[in-house]
Amino acid sequence: MLKAILFDLDGTLRHNLPSGSVFFADHAAELGLRITADDRLRAMRWEHFYWANSAELKADRLAHPDERDFWNLYAVRALTALGAWNGQAEAMAPQVSAYMAETYKPESVVPEDALRVLPALQQGGYVLGLVSNREKSYAEVIESLGLAPYFQLVLAGGEVQMWKPEPHIFVHACARLKLDPVEAAYVGDNYFADVVGARRAGLRPVLYDPRGIFMDPGCPTIASFDELPAVIGSS
């Protein structure tokens, strides 16, 4: 019987408006890069893969400890994912990276459908938790977003040196809640970190994918949190 529902934070319960990937691509288009809708989806899938504690990310962090150097390299990779050829990406990257650093100031919001569903799940008797790949504790962030009353566990990967998609962080979270992993579901927006990791650990993955980024993830998919109670109830 399902007893707990664990959630990802960034991109799932907390959104940046406008989205960083959209803001980045829009500026690249303003600079002359021709980008199709398919290019944008491909770049979003790459972005999710990269930030899922990928080997590429870890190597880039080690090789480029300076933040400016790292973000310039990231801009090259992101532009390439959008369809830029190598020389074009390298030429545009410093300008796009600087523009993002100076101009991108998103608003941090919780979707209204999440604010409807979380109290309903809590009242339905589910234990709720948050598991994120953040480096440090983010309890203050949860408090500022008005989410603190709903969660019995708020766990950052950096607190325990465990990172999605490796199963250990999910198993650790369940142990903290005195649950077997099969008694928990995990809801997240990143197939590579959330679905793959939860499945490895024995939790039931639910992919939150309102933009239709991932095709055939092999698990229940929701475009709105209003769909979650029915999905959980049928698992």
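One can find the structure itself at the top, above this paragraph.
Presented here is a report on the structure given in the accompanying data block. This structure is a prediction, so every number in the text was calculated from the model and none was measured.

## Concerning the sheet that holds strand β6 (residues 184-188)
Here is step 1: On the basis of which strands lie adjacent, the open sheet formed by six strands has the order β5-β4-β1-β6-β7-β8 and parallel pairing. With partners counted over all chains shown, the strands left at the sheet margins are β5 (153-156) and β8 (221-222), one partner each.
Here is step 2: Helix α9 (residues 168-176) contacts β1 (4-7), β4 (127-132), β5 and β6 of the sheet and is inclined by roughly 150° relative to β5.
Here is step 3: Contacts from helix α10 (residues 191-201) reach β6 and β7 (204-208), with the element oriented near 165° to β7.

## Section: the nonpolar core
Here is step 1: Within the largest apolar cluster, 28 residues are counted, with the highest numbers of intra-cluster contacts made by Phe7, Leu13, Leu147, Phe151, Val187, Phe225 and Leu228.
Here is step 2: The leading source of residues in this core is helix α6 (residues 112-123), at four residues.
Here is step 3: Residues in contact with Leu13, not counting those within four places in the same chain, are Phe7, Asp8, Val109, Val110, Pro111, Ala114, Leu130, Leu147, Phe151 and Phe225.
Here is step 4: One finds Phe23, Ala28, Met92 and Val96 within the second-largest nonpolar core, a separate group that totals 24 residues.

## Notes on the pairing of β7
Here is step 1: Of all the five residues making up β7, four are buried; the element is thus mostly covered by neighbouring parts of the structure.
Here is step 2: Note on the crossover from β6 through α10 to β7: the handedness is right-handed.

## Re the packing of aromatic side chains
Here is step 1: Applying the stated criterion across every chain, the model contains 18 aromatic pairs.
Here is step 2: Between Phe70 and Trp71, the aromatic rings sit 5.1 Å apart at their centres with planes inclined by 75°, giving edge-to-face as the arrangement.
Here is step 3: Residue Phe70 is classed as buried on the basis of its relative accessible area of 0%.
Here is step 4: You can call Trp71 partly exposed: its relative accessible area is 35%.
Here is step 5: Members of the aromatic cluster, connected to one another through ring pairs, are Trp46, Tyr50, Trp51, Phe70, Trp71 and Tyr74.
Here is step 6: Sitting over the face of the ring of Phe70, Arg61 holds its NZ or CZ atom 3.8 Å from the ring centroid.

Definitions and cut-offs
- Residues numbered from 1 in each chain as written.
- Predicted model: local features only at pLDDT ≥ 70, side-chain atom pairs only at ≥ 80, totals over all residues.
- Heavy atoms only, no water.
- Pairing = 2+ DSSP bridges.
- Helix = DSSP H or I, 4+ residues; strand = E, 2+ residues; numbered from the N terminus.
- Contact = heavy atoms within 4.5 Å.
- Axes fitted to C-alpha atoms, helices over the stretch in contact; angles between N-to-C directions.
- Core = buried A, V, L, I, M, F, W, Y, C linked by side-chain atoms within 4.5 Å.
- Buried < 20%, exposed > 50% of the residue type's maximum accessible area, 1.4 Å probe, protein only.
- Right-handed = clockwise from strand over helix to strand, strands pointing away.
- Phe/Tyr/Trp six-rings, centres within 6.5 Å; stacked < 30°, edge-to-face > 60°.
- Lys NZ or Arg CZ within 6 Å of the ring centre and 35° of its normal.

Geometric values such as these leave the question of function open.
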